[in-house]
Amino acid sequence: MVMQIEPLIELEKRHLWHPFTAMQAWCDEAHEPLLMVEGRGCKLRDQHGREYLDGNSSIWTNVHGHRHPVIDAAIAAQLQKVAHTSFLGLTHEPAIRLAEQLCALFEGGELSRVFYSDNGSTAIESAVRMALQYWQQNGHPEKQVLLAFDQAYHGDTLGAASLGGIPLFKGSGNDFGYEVITVREMAEIAALGDDVTRRIAGAIIEPLIQGAAGMRIWPKGMLKELRAWCTERDVFLILDEVMTGFGRTGKMFACQNEDVVPDFIALAKGLTGGYLPMAATLTTERVFEGFLGAGKTFFYGHSYTGSQLGCAAALASLQVFRDEAVLESLPNKMEVLSDVLGQLSALPNVIHARQCGMIGAVDLVAQKDPAIGFPPEALTGAKVCQAARKFGLLTRPVRDTLVLMPPLCVTEAELRQMAEALAQAITEVCRGS
Ligand SMILES: *Cc1c(COP(=O)(O)O)cnc(C)c1O
């Protein structure tokens, strides 16, 4: 069947409202949105049959490529049994097997309990609520404050957004029911007085690299320092590995680069290989035990908690990690990424090439030395990513930061093609300015 494109797009503009999207420009008659039709591996195809490389893993979600046969088959097999059953008062094998395997990914066994939810924001909210409730009912009612970092991004629901350090994503208010202290770096934490630290329930961080802030990489060793600080004061360390989890940083989890074990870890985007909306919050036996007994129950959950399909996809994704020795394949790819980032930074309008495992980024500037940025209202990063589509690459900027974060199955040739497309787009857009 040939897709009737024009009537579809008319319907789209009449009925849809997109996330993080200026809808007036979107609905403009001259704008023809891309309709994604199919994908395979790192490639996606649009309504006109044009092919693109998925340069940001469909916004940081896809891990092993699109239509991976093992994950496809696992979901199809699960559908032969049942798609979804409630996790309230019932359980099922895929959820049990997945919990066991997730815990086993952390060597010491400290993270022994898995709480499922639907997305990164709810995985964070689960952790924050658990941390706050834990202290309330376990002898430390004064511990009510969360410590978070400037420029942090932990999701868009009100509770998760209140931890954020990026004003744009916080909305009109920032008082969502609990107190948040925002700090910029370890030195500021060390300077906090006892009167403040005794009230801190947990510290939350995107380990190694802040994503939505524009791929800001933390100093080496910082996570370990934060862990030590938390341990000393009996403050929970909550890691947001929604973006960094499942191989992005070169290890299965970012915290494993610094041998850190948190009290909570939030996993989402890559959990199902990027197939289905599902999240998990892992925590320790200590926290779990703090919820045992009369009146201590964790009254929280979502309709699709422990989705059978999601669990089946996640189990298959972990299977692919093992069968294809995915983590072992990364060092070579990281070298290629480093090489192409170096080439990009040789361009006249590019500075600050940086890399954390399989995550690469560069910044656009009007002038290199001394560095002068483009005016924010010029939307240069967005224009470059728009232009990159012509050269066969899909990715999204964070302001004037350009991101390359391909599925882990990316080949050397595809990585080089992605960088080449980006280079052509940068040259085209920046030449005129
Ligand atoms: C994407 C993201 C979230 C939010 O996840 P959603 O599934 O979009 O709710 C939270 N934290 C980090 C670090 C993220 O990158």
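How each quantity is defined
- Residues numbered from 1 in each chain as written.
- Predicted model: local features only at pLDDT ≥ 70, side-chain atom pairs only at ≥ 80, totals over all residues.
- Heavy atoms only, no water.
- 1 Å grid on protein atoms, 1.4 Å probe; cavity = no way out; pocket = protein on both sides within 12 Å on 5 of 7 lines; lining within 4 Å.
- Points joined across faces, edges and corners; volume = space filled by probe spheres on them.
- Helix = DSSP H or I, 4+ residues; strand = E, 2+ residues; numbered from the N terminus.
- Nonpolar A, V, L, I, M, F, W, Y, C, P; charged D, E, K, R; others polar.
- Buried < 20%, exposed > 50% of the residue type's maximum accessible area, 1.4 Å probe, protein only.
- Pairing = 2+ DSSP bridges.
- Expected span 1.5 Å × (residues − 1).
- Bend = angle between axes of the 7 residues up to and from the residue.
- Contact = heavy atoms within 4.5 Å.
- Domains from an automatic or database assignment.
- Buried area = accessible area lost by both parts, 1.4 Å probe.
- Salt bridge = Lys/Arg side-chain N within 4 Å of Asp/Glu carboxyl O.
- Polar contact = N/O pair within 3.5 Å; in protein donor to acceptor, adjacent residues only side chain to side chain.
- Axes fitted to C-alpha atoms, helices over the stretch in contact; angles between N-to-C directions.
- Parallel < 35°, antiparallel > 145°, perpendicular 65-115°, else oblique.
- Left-handed = near helix turned anticlockwise from the far one by under 90°.
- Phe/Tyr/Trp six-rings, centres within 6.5 Å; stacked < 30°, edge-to-face > 60°.

Participant: Let's hear about the layout of surface pockets: which residues, and what values?
Facilitator: Taken as a whole, the second largest pocket encloses approximately 690 Å³ of empty space. Those elements giving two or more residues to the lining of the second largest pocket turn out to be α5 (93-104), β4 (111-117), β12 (279-284) and α12 (285-289). In terms of residue class, the lining of the second largest pocket is built from 15 nonpolar, nine polar and one charged.

Participant: Could you give an account of the pairing of strand β14 (residues 359-364), with specific residues and numbers?
Facilitator: The element β14 is largely enclosed, with a buried count of six among its six residues. From the end of strand β13 (residues 350-356) to the start of β14, which pair antiparallel, there are two residues, and Gly-357 there has a positive phi angle of about 65 degrees. Relative to strand β16 (residues 401-404), β14 is paired through four bridges, and the arrangement is antiparallel. Bridging from a neighbouring strand, Asp-363 pairs with Thr-401 of β16.

Participant: I'd like a description of helix α14 (residues 326-345), backed by residues and values.
Facilitator: With 20 residues, α14 ought to run about 28 Å at 1.5 Å a step, and its terminal C-alpha atoms sit 28 Å apart, in line with that. The sharpest bend along α14 comes to roughly 30 degrees, located at Asn-332. Looking only at α14, the buried set comprises Val-326, Leu-330, Lys-333, Val-336, Leu-337, Val-340, Leu-341 and Leu-344. Summarising the contacts, the buried residues of α14 are in contact with α13 (308-323), β13, β14, β16 and α16 (412-431).

Participant: Would you mind going over unusual backbone geometry in detail, with residue names and values included?
Facilitator: Looking along the chain, the bond that leaves Asp-369 and enters Pro-370 is cis, with omega of 0 degrees. Look at Trp-60: it is not a glycine, yet its phi comes out positive at around 70 degrees. Structurally, Trp-60 can be placed in helix α3 (residues 57-60). The exposure class of Trp-60 is buried, given its relative accessible area of 11%. Phi at Arg-67 takes a positive value of approximately 50 degrees, unusual for a residue other than glycine.

Participant: Describe the domain arrangement of the protein chain, with residues and values.
Facilitator: What the domain assignment lists for the protein chain is domain 1 (34-64 + 328-430) and domain 2 (71-323). At the interface, 24 residues of domain 1 touch 22 residues of domain 2. Buried area between domain 1 and domain 2, summed over both chains or domains, comes out near 1,900 Å², and the portion from carbon and sulfur atoms is 66%. Looking only at domain 1, the three residues that lose the most surface to domain 2 are Trp-60, His-64 and Cys-356, adding up to 33% of its buried area. Our count for the contact surface shared by domain 1 and domain 2 stands at zero salt bridges. Linking domain 1 to domain 2 there are 10 residue pairs in polar contact (both at pLDDT 80 or more). Taken together, the residues of the side of domain 1 that touches domain 2 sort by class into 15 nonpolar, seven polar and two charged.

Participant: Pulling in residues and values, what's your account of the packing of helix α15 (residues 380-390) against α16?
Facilitator: Taken N-terminus to C-terminus, the directions of α15 and α16 make an angle of 125 degrees; their axes are 8 Å apart at the nearest point. One finds that α15 runs oblique with respect to α16. Like other packed secondary-structure pairs, α15 and α16 cross with a definite hand, here right-handed. For the pair α15 and α16, the contacting residues are Thr-380, Lys-383, Val-384, Ala-387, Ala-388 and Lys-390 in the first and Ala-421, Leu-422, Ala-425, Ile-426, Glu-428, Val-429 and Cys-430 in the second.

Participant: Tell me about the packing of aromatic side chains, and name the residues and values.
Facilitator: Any pair of aromatic rings gets described here by the distance separating the centres and the angle formed by the planes. Under the defined criterion, the tally for this structure stands at 12 aromatic pairs. Ring geometry for Tyr-134 and Trp-135: centres 5.0 Å apart, planes at 85 degrees, overall edge-to-face. Residue Trp-135 is classed as buried on the basis of its relative accessible area, which comes to 1%. A ring pair is formed by Trp-135 and Phe-236, whose centres lie 4.7 Å apart and whose planes are at 25 degrees; its orientation type is stacked. Here the residue Trp-135 occupies a position in helix α6 (residues 120-137), and Phe-236 occupies one in strand β10 (residues 236-240), the gap between them amounting to 101 residues. Phe-236 shares its class with Trp-135; the two are buried.

Participant: Could you give an account of the sheet that holds β14, with specific residues and numbers?
Facilitator: The strand order β13-β14-β16 describes an open sheet built from three strands, whose pairing is antiparallel. With partners counted over all chains shown, the strands left at the sheet margins are β13 and β16, one partner each. Within this sheet the neighbouring strands show an average axis-to-axis angle of 20 degrees, counted without direction. Sheet topology places β13 next to β14; five bridges connect them, and they run antiparallel. Across the sheet, Gln-355 pairs through a bridge with Gly-360, a residue of β14. Most of the contacts of α14 go to β13, to which it runs at about 170 degrees, and overall it touches β13, β14 and β16.

Participant: Account for α6, naming residues and giving values.
Facilitator: Helix length check: α6 (18 residues) gives 26 Å between terminal C-alpha atoms against 26 Å at 1.5 Å per residue, within 8%. A side-chain oxygen of the first residue of α6 lies 2.9 Å from the backbone nitrogen of Ser-121; this N-cap is Asn-119. Gly-139, located one to two residues past α6, shows a positive phi value of around 85 degrees.

Participant: Give a description of the sheet that holds β4 that names residues and reports values.
Facilitator: Pairing in this open sheet of seven strands is mixed, and the strands run β4-β12-β11-β10-β7-β5-β6 from one edge to the other. Looking at which strands have only one partner, the edges of the open sheet turn out to be β4 and β6 (179-183). Going from strand to strand, the sheet's axes swing by 20 degrees on average, the running direction of each strand aside. When strand β11 (residues 264-267) meets β12, the two strands line up antiparallel, connected through four bridges. Across the sheet, residue Phe-264 finds its bridge partner in β12, namely Thr-283.

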